[in-house]
Amino acid sequence: MKGIITKGIGGFYYVKAEDGTVYECKARGVFRKNDIKPTIGDRVEISGGSIERIYERSSYLIRPSVANIDNLVIVIAAANPAPDLLLADKLTVAADSAGITPVICINKTDLAAPEQLARIYESAGYRVIVMSAAEQSGEQELKEAIRGRVSAFAGLSGVGKSSILNLLCGNVAETGEVSRINRGKHTTRHVELFETEDETYILDTPGFSSLKITEICDIKASELAGYFPEFANAGECRFKGCSHINEPDCAVKRLVESGDAASSRYESYKELYKQLKEVKDWEKNEKF
Ligand SMILES: Nc1nc2c(ncn2[C@@H]2O[C@H](COP(=O)(O)OP(=O)(O)OP(=O)(O)O)[C@@H](O)[C@H]2O)c(=O)[nH]1
Ligand SMILES: [Mg+2]
Ligand SMILES: [Zn+2]
């Protein structure tokens, strides 16, 4: 029977099968030998309480470790906690480079106006959803964006990922006060795939903030600009292979100066470029 892994706890995998039942399964030893670890989101073949086969993955994200995700819903709070745009931009790059479509979800619009944030990501070419889980507004559009697909929620602790999940799936996840987050506590501690309606799956994740881009995606610094879709409108830089950092006569810098690309996005680009450069140099040194 075919199914999808929704949860993994203590060596057991929970597989929601075609017949609608959730089966507790063990993985066959053969996967361990081949260095394949069954992962949430994997489409599998099960038989007699054991996972017999893992189907080829359409996408794979390292952190959170999840397979076959179609959308990464990047949740940003309009306020409380304050938006962390570097994190959001890091996640758009990680998603895109893993073959996953980023969706920007601005939550807590009851606390602050979302227009400026929305403009940054709309002009970058992403789908933006503006909502308030507390006031139950805007979630219909989110529902439409994720219908029939597998989506993971990501974003800072306290932005409301679990609250949104509860709104869409009926109360399934624990939520927590933002105040406890300042003490480094996350309300959501494990990863689980929930089905909202037929074939629509949502995965809640614990909030994270301090991830380096190199921990969540494997791209070269020279490839980074390709993951900022708005830079494609910039035209030609004077130098071939321009890094868009210090070179003169750079089309990307002109685009940012003219206001056609958001300066916050360009700031993120520079920081992520630096992080990617650092690791590559370090790796180079290791080899000699
Ligand atoms: N004002 C307001 N508060 C919200 C909204 N959505 C969620 N909250 C509150 O924000 C707090 C944190 O929400 P959670 O859903 O637990 O946040 P989370 O992103 O799942 O956090 P972690 O699990 O720690 O990553 C809770 O007190 C929620 O009630 C909203 O739209 N407006
Ligand atoms: Mg949560
Ligand atoms: Zn340039």
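Look above for the structure.
Structural notes, computed from the coordinates. (Residues numbered from 1 in each chain as written. Chains lettered and ligands numbered in written order. Predicted model: local features only at pLDDT ≥ 70, side-chain atom pairs only at ≥ 80, totals over all residues. Heavy atoms only, no water.)

Tallying each qualifying case throughout the model produces six aromatic pairs. Where Tyr 266 meets Tyr 269, the ring centres are 6.3 Å apart and the plane angle is 15°; that geometry is what we call stacked. You can see Tyr 266 and its partner Tyr 269 sitting in helix H8 (residues 263-287), three residues apart, about one turn around the helix. Classification of Tyr 269 by relative accessible area gives buried; the value is 1%. (Phe/Tyr/Trp six-rings, centres within 6.5 Å; stacked < 30°, edge-to-face > 60°. Helix = DSSP H or I, 4+ residues; strand = E, 2+ residues; numbered from the N terminus. Buried < 20%, exposed > 50% of the residue type's maximum accessible area, 1.4 Å probe, protein only.)

Now for the side chain of Ser 50. In this fold, Ser 50 is placed in strand S5 (residues 50-54). Residue class for Ser 50 comes out buried when judged on its relative accessible area of 14%. When neighbours within four sequence positions are excluded, Ser 50 is seen to be in contact with Cys 25, Lys 26, Arg 28 and Glu 45. (Contact = heavy atoms within 4.5 Å.)

On to the packing of helix H4 (residues 139-146) against helix H5 (residues 161-169), then. Axis separation between H4 and H5 bottoms out at 11 Å; the angle between their running directions is 80°. Here H4 is positioned roughly perpendicular relative to H5, judged by the angle of their axes. Between H4, through Glu 139, Leu 142, Lys 143 and Ile 146, and H5, the contact on the second element is made entirely by Ile 164, Leu 167 and Leu 168. (Axes fitted to C-alpha atoms, helices over the stretch in contact; angles between N-to-C directions. Parallel < 35°, antiparallel > 145°, perpendicular 65-115°, else oblique.)

A separate point is the sheet that holds strand S12 (residues 192-197). Pairing in this open sheet of six strands is mixed, and the strands run S10-S9-S8-S11-S13-S12 from one edge to the other. Each edge of the sheet is formed by a strand with only one pairing partner; in this case those strands are strand S10 (127-130) and S12. Within the sheet, the average angular offset between the axes of one strand and its neighbour, ignoring direction, is 25°. In this structure, strand S8 (residues 71-77) lies alongside strand S11 (residues 150-154), joined through four bridges in parallel fashion. Looking at the pairing, Asn 71 lines up with Ser 151 of S11. (Pairing = 2+ DSSP bridges.)

How two helices sit against one another is set out by the angle between their axes and by the gap between those axes. Running from N to C, helix H2 (residues 85-97) and helix H3 (residues 115-123) point in directions that differ by 25°, and their axes come no closer than 13 Å. Looking at the two axes, H2 sits roughly parallel to H3. Relative to H3, H2 is oriented so that their crossing is right-handed. The residues of H3 that touch H2, namely those facing Leu 85, Ala 88 and Asp 89, are Leu 117, Ile 120 and Tyr 121. Of the residues in the contact of H2 with H3, the class split is five nonpolar, no polar and one charged. (Left-handed = near helix turned anticlockwise from the far one by under 90°. Nonpolar A, V, L, I, M, F, W, Y, C, P; charged D, E, K, R; others polar.)

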